[in-house]
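# Structure assessment
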Amino acid sequence: MAEYRKVYGLGAEFESAAALMHAAEKIRDAGFSKWDVHTPFPIHGMDKAMGLGKSWLSAPVFIGGTTGLLTAVCLEMIPSFSLYKLIVHGKPYDWRTIPAFFPIMFELTVLFSAFTTVFSLMVMNQLPKWYHPVFNWERFARVTDDGFFLVIEARDPKFSETKTRALLEEIGGQHVTLIHD
Amino acid sequence: MSDHSHEITPPAVETYDIKRAGNAPKILLWVGIAGIVLSVIGLCYQPWHVQAAYSWLFAAFYFFSLCVGGLFWTCLHHATDSEWSVTVRRQMENIAKVTPVSLLFFLPLLLFCANDLWKWWNLHPGEDPLLDGKSGYLNHTFFWVRWIVYFVLLGWISYSLWKRSTDQDKDGAARHTLIMRKLGVGGIPAMGLCITFSAADYLMGLDYHWFSTMWGVYLFAGAAGSGMALTVLIVNWLKNQGYLKVVNDEHFHTMGKFLLAFTIFWAYIGFDQYMLIWYANIPEETAYFRLRNTETWWYFSQALVVCRFFLPFPVLLFQFIKKNTIILWVSWWILAMQILDMYVIVLPALHREGFHPSLFDLFSFVGIGGILGWVFLTKVIGKSYLYPTRDPRLLLSLKLSN
C-alpha cells in the first residue's frame, strides 16, 4: 500500500463463545488494558473474564435521580408555600400537604435518572460514532452473525506486532489480522 | 452459555439432618404450646376474650402472609421459567407448604370469636343499611365457604408444586417442569385472589363500613417482600450449618434485588392507598386512617412509613450490601416491619383510644410462630433434598452472574 496508514490493532477470530471467553481470560491475565471482544450476542460472565469490574454508571444515575427529586421539591414547594399560595380542596399550603406532591417527586426522580442513564451510556460507549477502524477488516462483518472476535489495540503499552500475534495464535485465535486505521 | 456447561458438575445431593438443629425444634414446640395454651386461656376467660381474639388475628395473619409470600415466589419462578432461583426454590416451596397449616389458625377465630372481631357477624338484616348492601358477600355461609376455598386452593397449589418438584428429584423427568409451569401460571392469580379476599375478610372486615380497593394488593406487597426476607434467612441459616453450598453471593444479590423491589412496591401501594383517601377526603374512607393517625397510633403509623421504606430503601440500593451479611439484618428488619404493619392494621380496631400493649400479643405470636416453626423444622424441611437436584435449569442457576 502506497500511503502510510497507522496500525489500529490486532484482531483474532474464535470459533465459539466459550473459546472467546477462555481467550479473554488469558488476555486479561497477560495484563493488557486496551482491548475488547465483539460478539453477535451478550455473553454472561464476559465482564468477569475480561476483568472489567463494576460499571460506574450507578453514580451518575444516583446523582441524576437526586437532582430530579430536588427539582420536584423546589418546583412544587416554592410556589405553593410562598410565591403563590392557593387553597386546593381545603388542604393546607404548608408541609402537611406533601402527599399531593409525592407523585411529581417520584416521576421527576424516575425521569431524570432515566435521562442520565441513557446519556451516560452514550458517553461511556462513545456514541454516536460514525467510524471505527475494525470495519476495515473484512471478516469482521460476521460479528453480527456468527463471528466471535477479540481485538487488541496498538496503543496498549504491552502491544507488540510480533509477540501479540504469537500470543493470539497460541490461545487459539484464527485469522489473526493487523487492522489499520 | 450452554456450550461450556460441562465445566460445572452438579454437586452432591443433601438432606437436612434434624440433629443439626439441636434443641431448636423442641424449644419451638414447647414455646409454641405454652403460647397457644396461654392464648386459649385468654380466649376462654370472658374479660380477656376480646383482647386475645385480636392478638390472635394479628399473629395468625402475620404468619399466613409469610407463607403466602413463599407460595408467590414459587409460582413466579415457574411462571417466568426462571433460572436463577433453582438453588433456593426448595426453601420457597417449603415455606409455601406450611400455608394450609397457617390457615388452620383462623379456625378458632371463625368458630369462637367471629362476633367480637367482625361486628357485622351479629347484625340482622335491616339494622344497618350499609351492611344490607353488602350482605351478598358478608354473610356467615359465604364467609365459611371462602375459608374453605383458601384452605383447599392454597393447600392444593403449594402441595402440588412441592410434590412435583420432589418427584423430579427422583426421576428427573422434564414433564414435571412443564406441569409446574402451568401450576405456576394459574397459581399467581389464585394466590392473588386468595390473599385479596382473605385480607378483605379478616382485616378489612374489622370495620365493615370501610373499604379500599388497594387493600388486597397492599397486603400482597407486604407478604411477598417478607416472604423473600424469610427465604433469605432460611437459606443463610442452612448455609451456616454447611448445607446449600450451591447458593453463592450472586443468589443473595438477586434476592436482595427483590427485597429492594418489594420495599419500593410496598411503599408505592401503601402511599397510593393513603393519598387517594387523603385527597378525596370522604368520611367513610378516611375512617381507617383517622383512627391510625391520631392518639398514640400516630407514632406507629409514622414509624411504619419511615422504617418499612425510608430506612431499608437507601441501604438496599447498594450492590455490595446485597452480597454482604448486612442483607441478613435487612431481612430481619423487613420481617419485623411486617409485624408492625400487621399490628397497626389489627390492634387499633380494638384500642381506638391509643396504643395499649397486651401480653396476649406476645402469647399468640410466639404460640403460632413456635408451632409453625416446629412444623417447618420437623415435618417439612427434612422431607426432601435441600435444593431441586435434577431440575433441568440447575446448572444455569449455579452459574448465575448479575
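Residues numbered from 1 in each chain as written. Chains lettered and ligands numbered in written order. Predicted model: local features only at pLDDT ≥ 70, side-chain atom pairs only at ≥ 80, totals over all residues. Heavy atoms only, no water.

Taking an unreviewed UniProt entry as the reference, chain B is identified by name as Quinol:cytochrome c oxidoreductase quinone-binding subunit 2 belonging to Chthoniobacter flavus Ellin428.

Per an unreviewed UniProt entry, chain A goes by the name Quinol:cytochrome c oxidoreductase membrane protein and belongs to Chthoniobacter flavus Ellin428.

What follows deals with the overall build of chain B. Assigned secondary structure in chain B consists of 17 helices and zero strands. Radius of gyration (C-alpha) of chain B: 22 Å, near the 21 Å computed for a compact globule of 402 residues. With respect to the principal axes defined by its C-alpha atoms, chain B has extents near 70 × 40 × 40 Å. Considering chain B as a whole, with its 402 residues, one finds that 56% of them fall into the buried category. Summarising the internal contacts of chain B: among those between residues at least 6 apart in sequence, 83% fall at separations of at least 24. Total accessible area on chain B is roughly 16,900 Å²; 69% of this is exposed by carbon and sulfur atoms. Between the averaged position of the 29 positive side-chain charges in chain B and that of its 26 negative side-chain charges there is a distance of 10 Å. (Helix = DSSP H or I, 4+ residues; strand = E, 2+ residues; numbered from the N terminus. Rg over C-alpha atoms; globule rule 2.2 N^0.38 Å. Buried < 20%, exposed > 50% of the residue type's maximum accessible area, 1.4 Å probe, protein only. Contact = heavy atoms within 4.5 Å. Areas by Shrake-Rupley, 256 points an atom, 1.4 Å probe, with all protein chains shown as cover. Lys, Arg positive; Asp, Glu negative; His and termini not counted. Charge placed at Lys NZ, Arg CZ, Asp CG, Glu CD.)

All names here are of chain B. One can describe the packing of helix H2 (residues 46-79) onto helix H3 (residues 86-97) by two numbers: an axis separation of 7 Å at closest approach and a directional angle of 140°. Put simply, H2 runs oblique to H3. Seen from above, H2 lies across H3 with left-handed handedness. Together, Leu66, Cys67, Gly70, Leu71, Trp73, Thr74, His77 and His78 of H2 and Val86, Arg89, Met92, Glu93, Ile95 and Ala96 of H3 make up the contact between the two elements. For the contact of H2 with H3, the class distribution of residues is eight nonpolar, four polar and two charged. (Axes fitted to C-alpha atoms, helices over the stretch in contact; angles between N-to-C directions. Parallel < 35°, antiparallel > 145°, perpendicular 65-115°, else oblique. Left-handed = near helix turned anticlockwise from the far one by under 90°. Nonpolar A, V, L, I, M, F, W, Y, C, P; charged D, E, K, R; others polar.)

Accessible area lost on assembly of the parts is the figure often given for the size of an interface. On the chain A side, the residues contacting the 15 residues of chain B number 23 residues. Overall, the association of chain B and chain A removes approximately 1,500 Å² of surface from exposure, summing both partners, and the carbon and sulfur fraction of that is 70%. Here chain B and chain A share one salt bridge between them. Broken down by element, the side of chain B that touches chain A gets its largest block of residues, seven residues, from helix H10 (residues 249-280) of chain B. When its residues are assigned to classes, the side of chain B that touches chain A shows eight nonpolar, four polar and three charged. (Buried area = accessible area lost by both parts, 1.4 Å probe. Salt bridge = Lys/Arg side-chain N within 4 Å of Asp/Glu carboxyl O.)

Residues and elements named next belong to chain A. Taking burial as the measure, the eight residues of strand E1 (residues 7-14) include seven buried ones, the bulk of the element. Pairing of E1 with strand E4 (residues 174-180), which is carried by five bridges, proceeds in the antiparallel orientation. When the bridges of E4 are listed, Val7 appears paired with His180. Where E1 meets strand E3 (residues 148-153), six bridges bridge the pair, whose relative direction is antiparallel. Note on E3: the bridge partner recorded for Leu10 is Ile152. (Pairing = 2+ DSSP bridges.)

Before going further, it helps to examine the nonpolar core. Formed by 130 residues in total, the largest nonpolar core has its most connected members in Leu57, Phe106, Trp118, Tyr202 and Trp215 of chain B. At 19 residues, H2 of chain B tops the list of elements feeding residues into this core. For Trp118 of chain B, the residues in contact, after removing those within four places along its chain, are Leu57, Leu109, Leu110, Phe143, Asp201, Tyr202, Gly205 and Leu206 of chain B. Core analysis: the second largest hydrophobic core is formed by 23 residues, Ile27, Phe32, Met46 and Phe148 of chain A among them. (Core = buried A, V, L, I, M, F, W, Y, C linked by side-chain atoms within 4.5 Å.)

Turning our eyes to something else, we now look at the environment of Thr164 of chain A. Residue and element names in this part refer to chain A. The topology assignment puts Thr164 in helix H5 (residues 161-170). Between the alpha carbons of Thr164 and Ala154 there is a distance of 9.9 Å; along the sequence they are ten residues apart. Residues contacting Thr164, with those up to four places away along its chain left out, are Leu10, Phe32, Ile152, Lys158 and Phe159. A polar contact is formed between the side chain of Thr164 and the backbone oxygen of Ser160, at a distance of 2.8 Å. (Polar contact = N/O pair within 3.5 Å; in protein donor to acceptor, adjacent residues only side chain to side chain.)

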